[in-house]
Amino acid sequence: SQQGEEDPQALSIQEGENATMNCSYKTSINNLQWYRQNSGRGLVHLILIRSNEREKHSGRLRVTLDTSKKSSSLLITASRAADTASYFCATDASGYSTLTFGKGTMLLVSP
Amino acid sequence: DGGITQSPKYLFRKEGQNVTLSCEQNLNHDAMYWYRQDPGQGLRLIYYSQIVNDFQKGDIAEGYSVSREKKESFPLTVTSAQKNPTAFYLCASSTRGAGGWNEQFFGPGTRLTVL
């Protein structure tokens, strides 16, 4: 079964707007990671946030983690058409390096 | 796609045939992974290896086999026992840091189609 569930399943916005995606998970985790996948390509790592961290930033990306609610959010500010992709959260619950992925949020940014 | 290569990019197989997908990394990473992705779905773990000559089953290992004879290489064989092998296959690698395991780096994937 999949640990993480992203919400919404799909999101359509205009360039310049902010995009927020959420991820909920079921068990305790060591870390949570966000990845981006362009159509038919491999995944690209965006941010890793450990269980003792609450917020991380990377460029236009902001990730929050609330372990009490077992949820995380990914915020992309000032979206660009090039941000169009699927975004996945993945949790490392075991400490053995394996990740469990959600089904992803498909983001469409229109010019 | 980092320092991970997968080949071939597209692969066609007849029913009943075994096929092997290649995955090579030059990142000096200890751990390597194989995932399967079906349309509109997330990734599911097939096998993983954290050290040479050792590997573990993931969530959907049935019908697949792997080997890890070299640190750089982690080939995946899709056997005829895999009932529905048509999918996009992704290989990844990672390394361990002071705070635990780090992020995974992914290859470009192999799209397997069974005819």
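Quick note: structure is the one above.
Predicted, not measured: the structure shown is a model, and the values here were computed from it.

### Thoughts on the overall build of chain A
Counting its secondary structure elements, chain A contains zero helices and 11 strands. The N-to-C order of helical and strand elements in chain A reads β-β-β-β-β-β-β-β-β-β-β. In summary, chain A has a C-alpha radius of gyration of 13 Å against a globular reference of 13 Å for 111 residues, a match within 12%. By its C-alpha atoms, chain A is 40 × 30 × 20 Å across when sized along the principal axes. The proportion of buried residues among the 111 residues of chain A is 46%.

### A few points about the interface of chain A and chain B
Listed as interface residues are 21 residues of chain A and, on the opposing side, 25 residues of chain B. For the pair chain A and chain B, the summed buried area comes to about 1700 Å², and 50% of that belongs to carbon and sulfur atoms. Here chain A and chain B share zero salt bridges between them. In this assembly, chain A and chain B are joined by three residue pairs in polar contact (both at pLDDT 80 or more). In terms of residue class, the side of chain A that touches chain B is built from seven nonpolar, 11 polar and three charged.

### Concerning a nonpolar patch on the surface
A contiguous nonpolar patch, built from Tyr-10, Phe-12 and Leu-115 of chain B and spanning about 390 Å² of accessible area, is present on the exposed surface. With relative accessibility at 53%, the residue Tyr-10 of chain B sits in the exposed group.

### Quick word on the sheet that holds strand 7 (residues 61-66) of chain A
Residues and elements named next belong to chain A. Here we have five strands laid out as an open sheet, ordered 1-3-8-7-6, and antiparallel in their pairing. A strand with exactly one partner marks an edge of an open sheet, and here the two such strands are strand 1 (5-7) and strand 6 (55-58). The sheet shows a mean angle of 15 degrees between the axes of neighbouring strands, taken without regard to direction. As paired elements, strand 1 and strand 3 (residues 19-24) share three bridges and run antiparallel to each other. Bridge pairing in strand 3 links Glu-6 to Cys-23.

### Concerning the nonpolar core
Residue and element names in this part refer to chain A. Among the nonpolar cores identified, the biggest contains 21 residues, and Met-21, Leu-32, Trp-34, Leu-74, Ile-76, Tyr-87 and Leu-107 are the most heavily contacted of them. If you list the elements that add at least two residues to this core, you get strand 3, strand 4 (31-37), strand 5 (43-50), strand 7, strand 8 (71-76), strand 9 (85-92) and strand 11 (105-110). If we ignore the near neighbours within four places in the chain, the residues touching Leu-74 are Ala-19, Thr-20, Met-21, Trp-34, Leu-46, Leu-61, Arg-62, Val-63 and Tyr-87.

### Focus: the pattern of salt bridges
Applying the stated criterion across every chain yields a total of five salt bridges over all chains. Through salt bridges that share partners, Arg-36, Asp-38 and Arg-44 of chain B make up one connected network.

### Observations regarding the packing of aromatic side chains
In the structure shown here, the tally under the stated rule is nine aromatic pairs over all chains. Seen in terms of ring centroids, Tyr-35 of chain A and Phe-101 of chain A are 5.7 Å apart; in terms of plane orientation they differ by 50 degrees. Their pairing is tilted. With Tyr-35 of chain A in strand 4 and Phe-101 of chain A in strand 10 (residues 100-101), the pair connects residues that are 66 residues apart, well separated along the chain. The burial state of Tyr-35 of chain A is the same as that of Phe-101 of chain A; both residues are buried. Plain terms: the ring middles of Tyr-35 of chain B and Phe-106 of chain B are 5.7 Å apart, the flat faces sit at 35 degrees to each other, and that makes the pair tilted. In this pair, Tyr-35 of chain B sits in strand 4 (residues 31-37) while Phe-106 of chain B sits in strand 12 (residues 105-106), placing the two residues 71 residues apart along the sequence. Residue classification places Tyr-35 of chain B among the buried residues on the basis of a relative accessible area of 0%. Residue classification places Phe-106 of chain B among the buried positions, given a relative accessible area of 2%. Aromatic ring contacts, followed pair by pair, group Tyr-35 and Phe-101 of chain A together with Tyr-33, Tyr-35, Tyr-48 and Phe-106 of chain B into a single cluster.

Calculation rules
Residues numbered from 1 in each chain as written. Chains lettered and ligands numbered in written order. Predicted model: local features only at pLDDT ≥ 70, side-chain atom pairs only at ≥ 80, totals over all residues. Heavy atoms only, no water. Helix = DSSP H or I, 4+ residues; strand = E, 2+ residues; numbered from the N terminus. Rg over C-alpha atoms; globule rule 2.2 N^0.38 Å. Buried < 20%, exposed > 50% of the residue type's maximum accessible area, 1.4 Å probe, protein only. Contact = heavy atoms within 4.5 Å. Buried area = accessible area lost by both parts, 1.4 Å probe. Salt bridge = Lys/Arg side-chain N within 4 Å of Asp/Glu carboxyl O. Polar contact = N/O pair within 3.5 Å; in protein donor to acceptor, adjacent residues only side chain to side chain. Nonpolar A, V, L, I, M, F, W, Y, C, P; charged D, E, K, R; others polar. Patch = residues over 30% accessible without salt bridge, like charges linked within 9 Å, V, L, I, M, F, W, Y side chains within 5 Å. Areas by Shrake-Rupley, 256 points an atom, 1.4 Å probe, with all protein chains shown as cover. Pairing = 2+ DSSP bridges. Axes fitted to C-alpha atoms, helices over the stretch in contact; angles between N-to-C directions. Core = buried A, V, L, I, M, F, W, Y, C linked by side-chain atoms within 4.5 Å. Phe/Tyr/Trp six-rings, centres within 6.5 Å; stacked < 30°, edge-to-face > 60°.

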